[in-house]
Structure formats: structure tokens, C-alpha cells
Amino acid sequence: VEYASLSCPHCARFNQDVFPAFKKAYVDTGKALYVYREFITSPPEIAGAGVLLARCVPKADYFKVVDGVFAGQKEMY
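Enquirer: I'm lost on the nonpolar core in this one. Help?
Expert: Considering soluble globular proteins, one finds that nonpolar side chains tend to be buried as a cluster. Ranked by internal contacts, the top residues of the largest apolar core, which has 13 residues, are Leu-6, Tyr-36, Val-66 and Phe-70. Only α1 (9-27), α2 (44-56) and α3 (62-71) provide two or more residues apiece to this core. With five residues, the top contributor of residues to this core is α3. Not counting residues within four places of it along the chain, the set of residues in contact with Tyr-36 comprises Glu-2, Ala-4, Leu-6, Tyr-62, Phe-63, Val-66 and Phe-70.

Here it is in C-alpha cells:
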């Protein structure tokens, strides 16, 4: 279970640098079940807006939005 905030730079780094290899080795092979939980941290305007945006798209596109928000953090700040 991962608790992550869309406004957290550490979560963004994990999402971009660590998670792809973890997903490929463990989640995609069925060795691990991955559960993502939204966690709002400062600034809540970014974290909350990202969560709301991700929840507005079709379920299959949720993580595309999450990835996009994480990737765009530097521009947002």
C-alpha cells in the first residue's frame, strides 16, 4: 500500500524513478498487489486539485493523470 501526495516531490521522484521497475518486476508479474491511496499534503491546492482531476477521468486513465501531475510538479511550483 502506497500513500502518496500529488504535491510531494519525494512521491513524484518515486513515481518517476522507482515505481516503473517495481511495477514491471512485481505488480505486472502478479508477485505483489499494489494499492494506491491518495494523501493530501501541502500545498493542498495542488494535491487536492490533482486528486479531483484524476477522479474525473475514466477509471482506466486515472494513473495517466497522476503521472502527469507528478511530471509537471516543477512547472507548478
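Enquirer: Would you explain the packing of α2 against α3 in this entry?
Expert: To describe two helices that pack against each other, one gives the angle between their axes and the distance between the axes. Where α2 meets α3, the axes come as close as 8 Å, and the angle between the chain directions of the two elements is 155°. It follows that α2 is roughly antiparallel to α3 by the angle criterion. α2 and α3 meet at a crossing whose hand is right-handed. Note on element contacts: α3 touches α2 through Tyr-62, Val-65, Val-66 and Val-69, opposite Gly-50, Leu-53, Ala-54 and Arg-55. Of the residues assigned to the contact of α2 with α3, the class counts are six nonpolar, one polar and one charged.

The rules behind the values
- Residues numbered from 1 in each chain as written.
- Predicted model: local features only at pLDDT ≥ 70, side-chain atom pairs only at ≥ 80, totals over all residues.
- Heavy atoms only, no water.
- Core = buried A, V, L, I, M, F, W, Y, C linked by side-chain atoms within 4.5 Å.
- Buried < 20%, exposed > 50% of the residue type's maximum accessible area, 1.4 Å probe, protein only.
- Helix = DSSP H or I, 4+ residues; strand = E, 2+ residues; numbered from the N terminus.
- Contact = heavy atoms within 4.5 Å.
- Axes fitted to C-alpha atoms, helices over the stretch in contact; angles between N-to-C directions.
- Parallel < 35°, antiparallel > 145°, perpendicular 65-115°, else oblique.
- Left-handed = near helix turned anticlockwise from the far one by under 90°.
- Nonpolar A, V, L, I, M, F, W, Y, C, P; charged D, E, K, R; others polar.

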